[in-house]
Amino acid sequence: IIDTGHTMSLLVPYLKEQGAASVRVAALLQKRTDKSVGYVGDFVGFSIPDRFVVGYCLDYNEIYRDMDHICVLNAAGINKHAAP
């Protein structure tokens with residue numbers, strides 16, 4: 001998932017500086033957010049709103065990662081499973 005794009009905006013140039021002939025970034029999800037630094041992946045499956053998503057190996061406090069689909073975790077779910 002590409003959230004703000006900050007990590008990729010630093011990692012891609014670094015890998016090129018280290019001698020990589022080519023660097024391409026593929027992401028299943030890219031968030032549409034005002035916090036974005038403007039980085040856009042080369043191959044993006046879905047553009048999604050700036051919401052907290054879980055499932056398909058994305059978790060919240062180690063919960064929901066084994067779901068076979070991706071969904072938005074609402075405030076009730078976040079509060080229910082918040083870390084103590």
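Above this text is the structure in question.
Described below are features of the structure shown in this document. (Residues numbered from 1 in each chain as written. Predicted model: local features only at pLDDT ≥ 70, side-chain atom pairs only at ≥ 80, totals over all residues. Heavy atoms only, no water.)

Concerning a nonpolar patch on the surface
Next up, step 1: Taken together, the side chains of Leu28, Phe46, Tyr56 and Ile70 define a hydrophobic patch exposed on the protein surface, amounting to about 420 Å² of accessible area.
Next up, step 2: Mapping Phe46 onto the fold places it in strand β2 (residues 43-49). (Patch = residues over 30% accessible without salt bridge, like charges linked within 9 Å, V, L, I, M, F, W, Y side chains within 5 Å. Areas by Shrake-Rupley, 256 points an atom, 1.4 Å probe, with all protein chains shown as cover. Salt bridge = Lys/Arg side-chain N within 4 Å of Asp/Glu carboxyl O. Helix = DSSP H or I, 4+ residues; strand = E, 2+ residues; numbered from the N terminus.)

Structural notes on the environment of Ala75
Next up, step 1: Mapping Ala75 onto the fold places it in helix α2 (residues 75-80).
Next up, step 2: Since its relative accessible area comes to 52%, Ala75 is described here as exposed.
Next up, step 3: Considered as a pair, Ala75 and Phe52 are 23 residues apart in the sequence and their alpha carbons are 9.5 Å apart. (Buried < 20%, exposed > 50% of the residue type's maximum accessible area, 1.4 Å probe, protein only.)

Considerations on the environment of Phe46
Next up, step 1: When its relative accessible area of 52% is taken as the criterion, Phe46 is described as exposed.
Next up, step 2: Along the backbone, Phe46 and Thr4 are 42 residues apart, and their C-alpha atoms lie at a distance of 15 Å.
Next up, step 3: Non-local contacts of Phe46, meaning those with residues more than four positions away in its chain, are made with Leu28, Leu29 and Gln30. (Contact = heavy atoms within 4.5 Å.)

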